[in-house]
Amino acid sequence: MAAESERQPLSGRRLWAFVAALALIVAALAARLVDVQLLHGAQFEAAARANQIRQIEIAAPRGLILDRRGAVIARSRPSFVLAVIPSEVAKPERTIAKVAALIGHPSSELWRRLLHHRGINYKSFEELQVYEPYGPVILARALHPAQVARLVEASEDLPGIDVEVQAVRDYPYGSAGSHLLGHVGQITEEEYQSLKHFGYTPNDVVGKDGLETIYDRWLRGTPGGKRVVVDAQGNVVRNIGYADPKPGDSLVTSLDWRLQTYLETGMRRELQRQSKLTGRSLAGAAVAIDPNTGGVLALVSMPNYNPNDFSDGISQRNYTRYVTDPRRPLYDRAIAAATATGSTFKPLVAAAALAEHVISADAHFYDGGSYYCHGARFHGFENEALGSINMYQAIAASDDVYFYHLGDLLGHARLRDYALQFGLDAKSGIDLPGEYEGNWPTNAWMMKVYGLPLEPSDACILAIGQGAMEATPIQMANAVAAIANGGTLWRPHIVTSIRNWQGKTVKVIAPAAIRRITVPPQEFAVVRKGMSLVTGAGGTAFGLTIPGLPYGGKTGTVETDGGHGPNTTWFEAFAPVDHPKIAIAVYMERTGGYGATIAAPVAAYALAKYFGKKPPALAASGE
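Caption draft 1: Focus on the nonpolar core. Judged by nonpolar contacts, the single largest core of 91 residues is most densely connected at Leu299, Met391, Tyr402, Phe403, Phe422 and Leu424. With sequence-adjacent residues up to four places away left out, Phe403 is seen in contact with Lys346, Val349, Ala350, Ala394, Ile395, Ala463 and Ile464. In terms of nonpolar packing, the next biggest core, distinct from the first, is built from 36 residues, Met267, Leu282, Ala603 and Tyr605 among them.

The following block contains the structure:
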């Protein structure tokens, strides 16, 4: 009773405050209810439904790759694949065993593919179901019609097993142009993590090299696939439709596939000929450029590989064969192999000497067979003394002593300046992965690598393309293109435009100049005239004249292993002389011989065939 007597009646003010607070709460709830149910009800309902809908994706056909005339050099073809949707498989051991029997593959192989893909190793099928419930996980590719028929017949007893038609990359010319086209493969976990914010999925096929990787986001298209409804546990309840994949965009390139074919044929024959003579497997590369735009007309690296081997998932045997081959067929020598260039560097030195006014074109210099350069005596080729000689004759005859003299007159600073102006010691910027910048030695570099300073006499050796300088075939092709066009160094490029699957141009990639080389046009004309004499009497490529096609060229021969190894040979050229439409550099790796007899015939054959002329005898052997 005492407790009851202590209770106080609720005051009117406190009662009204409580009622007001309760009314506000009710009003707020009502307003939220109206907002959710009436104003945004459809939106939230759609979101809820979306949470129940998943898409089991099928990759889109990749876009075409075309040459400048519209020839298709990369495309997609249909192929049957066997896919697993992990969340739909109730009895994995039984299912995999039955599938293995139907397609004639070992169960162990299918389990390996199921639990080890994209660089991830799953411990069990249950773990796979958690992380990749809808897959699809591809168990087998390139199924034969008989295998497809057996799987379709047994499909009712194989829940979660799908036979699908997927677009597979196809290269109709096989190994031709493999290094510039590249190849494709299944996305890895590392690639997926770096690309998923661009819309990539764990089951995408992506470019792995060449144009396929540089332009992958354009080529890949938009995946489609089955749309399914799942329950709260993520199990598929029913199929509700199919979304068609959207094909990728197509690349239009500057390539001329006729020239690509001629250049590959010429190089393959010459390498085979030299291999028979030397008993060694040999390698080489070549690049052809339009000197007026920088567009790459052809790019060859040999040995090459067949990118079709990767399209359906390369076998371990084939992959091992490629990566263990000592000739390194996956290595793109056209943009990554860098060596001294030999005498193909001399036209650049001639242009620099004329621009710096250290000599005139008509000035004669006496070649007595050797040259004394800052305490060191350097000899000409086979100690031959050519006597009184001017620049035109020196370029044609590739006179070492004359160019020792020019290197001495220019000195290191000016020699380096012009080497860099012509694009050496820097990546060209070509739209391919894996380019190497080469090297032009500095005093700091010499101290770091050899522990010796750059000597004044080194300028004489560098001036003939020997010593520690290194350049790639793409760099030398671009340099001779600048000589051919009168001094513009273009950024080499392959893709010129991009079209969507309906044929509409969505992007144009215009030619871009890197720089204008500080050599007057009239001095370049002198160099071109000297190069036009290379195939004439007294020239180092005598015998490689192409009737009806005057062209300029320059041979190069590089010693290896301190003069104890087989020579690496070079040749650079442009054609026609008066209005150049093509510039080319050929690199033959440790083939032995000389640039005139090994590298030059490759270029002469390709140029003659490209312009519809008869190849010279030295280049046409085997026709």
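Caption draft 2: Region of interest: the packing of aromatic side chains. Considering all chains together, one arrives at 16 aromatic pairs under this definition. Each ring, one from Phe310 and one from Tyr322, has its centre 5.9 Å from the other, and the planes form 10 degrees; the classification is stacked. Residue Phe310 is found in helix α13 (residues 308–311), and its partner Tyr322 is found in helix α14 (residues 316–324); the two are separated by 12 residues along the sequence. An identical accessibility class is assigned to Phe310 and Tyr322; each is buried. Centre to centre, the rings of Phe378 and Tyr404 are 5.5 Å apart; their planes meet at 40 degrees, and the pair counts as tilted. Of this pair, Phe378 sits in strand β17 (residues 376–379) while Tyr404 sits in helix α18 (residues 400–421), placing them 26 residues apart in sequence.

Caption draft 3: Broad picture of empty space enclosed by the protein. Tallying each qualifying case throughout the model produces 3 cavities of 30 Å³ or more. Looking at the largest cavity, its volume works out to about 190 Å³. Residue lining of the largest cavity: 17 residues in total, with Ala59, Ala60, Arg62, Ala167 and Val205 positioned closest to the centre. Secondary-structure elements contributing two or more residues to the lining of the largest cavity are β3 (72–84) and β7 (161–170). Across the lining of the largest cavity, the residue classes tally to 8 nonpolar, 4 polar and 5 charged.

Caption draft 4: Main features of unusual backbone geometry. At the junction of Met302 and Pro303, the peptide bond is cis and its omega measures out at 5 degrees in the coordinates. One can find Pro303 in the loop between β14 (296–302) and α13. Residue Pro576 is bonded to the preceding Ala575 through a cis peptide linkage, with omega at -15 degrees. Notably, Arg590 is not glycine yet its phi reads approximately 50 degrees, a positive angle. Looking at where Arg590 falls in the secondary structure, it is placed in the loop between β25 (582–589) and α23 (595–610). A relative accessible area of 31% places Arg590 in the partly exposed class.

Caption draft 5: Main features of the state of the cysteines. Tallying each qualifying case throughout the model produces 1 disulfide. Sulfur-sulfur distance for the disulfide between Cys373 and Cys460 comes to 2.0 Å. The disulfide joining Cys373 to Cys460 has a torsion of about 75 degrees about its S-S bond and is therefore right-handed. Placement of the pair is Cys373 in strand β16 (residues 370–373) and Cys460 in helix α20 (residues 458–462), with a sequence separation of 87 residues. Judged by relative accessible area, Cys373 falls into the buried class, the value being 0%. The class for Cys460 is buried, based on a relative accessible area of 0%.

Caption draft 6: Just the pattern of salt bridges, in detail. Tallied over the entire structure, the rule returns 21 salt bridges. Close ionic contact of Arg327 with Asp325 constitutes a salt bridge, the shortest N to O distance being 3.3 Å. Taking the relative accessible area as the measure of exposure, Arg327 reaches 32% and is therefore partly exposed. Looking at Asp325, the relative accessible area reads 18%, which means it is buried.

Caption draft 7: View of the side chain of Asp204. Its place among the elements puts Asp204 in the loop between α9 (189–195) and β9 (205–207). Of note is the side chain of Asp204, whose polar atom sits 2.7 Å from the side chain of Arg220.

Caption draft 8: Spotlight on the sheet that holds strand β23 (residues 552–560). Reading across the sheet, the 5 strands line up as β14-β13-β25-β24-β23 and stay open at both edges, with antiparallel pairing between neighbours. Whereas interior strands pair on both sides, the edge strands pair on one side only; in this sheet they are β14 and β23. Taken over all neighbouring pairs, the strand axes of this sheet differ in orientation by 10 degrees on average, direction set aside. In terms of strand pairing, strand β24 (residues 565–575) meets β25 through 7 bridges, oriented antiparallel. Paired with Phe571 across the bridge in β25 is Val586.

Caption draft 9: Representation of the pairing of strand β20 (residues 495–499) in the model. Across 4 bridges, strand β12 (residues 250–253) lies against β20 in antiparallel orientation. Pairing of Leu251 across the sheet is with Ile498, part of β20. Here 3 bridges tie β20 to strand β21 (residues 505–508), and the two strands are oriented antiparallel to one another. Bridged to Ile498 within β21 is Lys507.

Caption draft 10: A look at the side chain of Ser254. Looking at the element boundaries, Ser254 is found in the loop between β12 and α12 (257–278). Residue classification places Ser254 among the buried positions, given a relative accessible area of 3%. Within the local environment of Ser254, its side chain forms a polar contact with the backbone oxygen of His493, the two atoms lying 3.3 Å apart. Residues contacting Ser254, with those up to four places away along its chain left out, are Arg68, Gly295, Val296, Leu297, His493, Ile494 and Thr496.

Caption draft 11: Just helix α21 (residues 473–485), in detail. Its 13 residues give α21 an end-to-end C-alpha distance of 18 Å, which sits within 8% of 18 Å, the value for a rise of 1.5 Å per residue. Counting buried residues along α21, 12 of its 13 residues qualify, which places the element largely inside the surrounding structure. Those residues of α21 that fall on the buried side of the exposure criterion are Pro473, Ile474, Gln475, Met476, Ala477, Asn478, Ala479, Val480, Ala481, Ala482, Ile483 and Ala484. After α21 finishes, the residue Gly486 shows a positive phi value of roughly 95 degrees.

Caption draft 12: Inspection of the packing of helix α4 (residues 92–103) against helix α5 (residues 107–115) at higher detail. One way to put it is that α4 packs onto α5 with a least axis distance of 9 Å and a crossing angle of 120 degrees. Overall, the two elements α4 and α5 adopt an arrangement that is oblique. Where α4 crosses over α5, the two elements pack in a sense that is right-handed. Facing Pro92, Glu93, Ile96, Ala97, Val99, Ala100 and Ile103 of α4, the residues of α5 in contact are Ser107, Leu110, Trp111 and Leu114. In the contact of α4 with α5, the residues fall into 9 nonpolar, 1 polar and 1 charged.

Basis of the calculations
Numbering of residues starts from 1 in each chain and follows the order in which that chain's sequence is written. A pLDDT threshold of at least 70 governs which residues receive local features in this predicted model, and a stricter bar of 80 or more applies before side-chain atom pairs are shown or counted, although totals over entire chains, interfaces and linings include all residues. Working from all heavy atoms in the structure, the side-chain values ignore hydrogens and water. Here, nonpolar core refers to any group of buried Ala, Val, Leu, Ile, Met, Phe, Trp, Tyr and Cys residues whose side-chain atoms link them within 4.5 Å. Burial classes: relative accessible area under 20% of the type maximum marks a residue as buried, over 50% as exposed, and values in between as partly exposed (1.4 Å probe, protein chains only). Contacts are assigned to residue pairs that have any heavy atoms within 4.5 Å of one another. Only centres within 6.5 Å qualify two rings of Phe, Tyr or Trp (six-membered ring in Trp) as a pair; their planes then separate them into stacked at under 30 degrees, edge-to-face at over 60, and tilted for everything else. By definition, any uninterrupted DSSP run of H or I lasting at least four residues is a helix, any uninterrupted run of E lasting at least two residues is a strand, and each is numbered from the N terminus. Only protein atoms enter the 1 Å grid used here, on which a cavity is any set of points holding a 1.4 Å probe that cannot leave and a pocket is any open set flanked by protein within 12 Å on both sides along at least five of seven lines; residues with an atom within 4 Å of a point are listed as lining. Grid points are joined across faces, edges and corners, and a volume is the space filled by probe spheres set on the points. Any residue that is not Ala, Val, Leu, Ile, Met, Phe, Trp, Tyr, Cys, Pro, Asp, Glu, Lys or Arg is counted as polar, Gly included; the first ten are nonpolar and the last four charged. Any cysteine sulfur atom paired with another within 2.5 Å is treated as part of a disulfide. Whenever Lys or Arg places a side-chain nitrogen within 4 Å of a carboxyl oxygen from Asp or Glu, that contact is recorded as a salt bridge. For this analysis, a polar contact is any N or O atom pair within 3.5 Å, provided that within protein one partner can donate a hydrogen and the other can accept it, and provided that sequence-adjacent residues contribute only side-chain to side-chain pairs. What makes two strands pair is DSSP finding at least two bridges between them. Helix axes are fitted to C-alpha atoms over the stretch in contact, other axes to C-alpha atoms as well, and angles between N-to-C directions run from 0 to 180 degrees. The span you would expect from a helix comes to 1.5 Å times its residue count less one. Reported orientations rely on four angle classes, namely roughly parallel under 35 degrees, roughly antiparallel over 145, roughly perpendicular from 65 to 115, and oblique for the rest. In this scheme the crossing of two helices becomes right-handed for a clockwise turn of the near helix relative to the far one and left-handed for an anticlockwise turn of less than a right angle.

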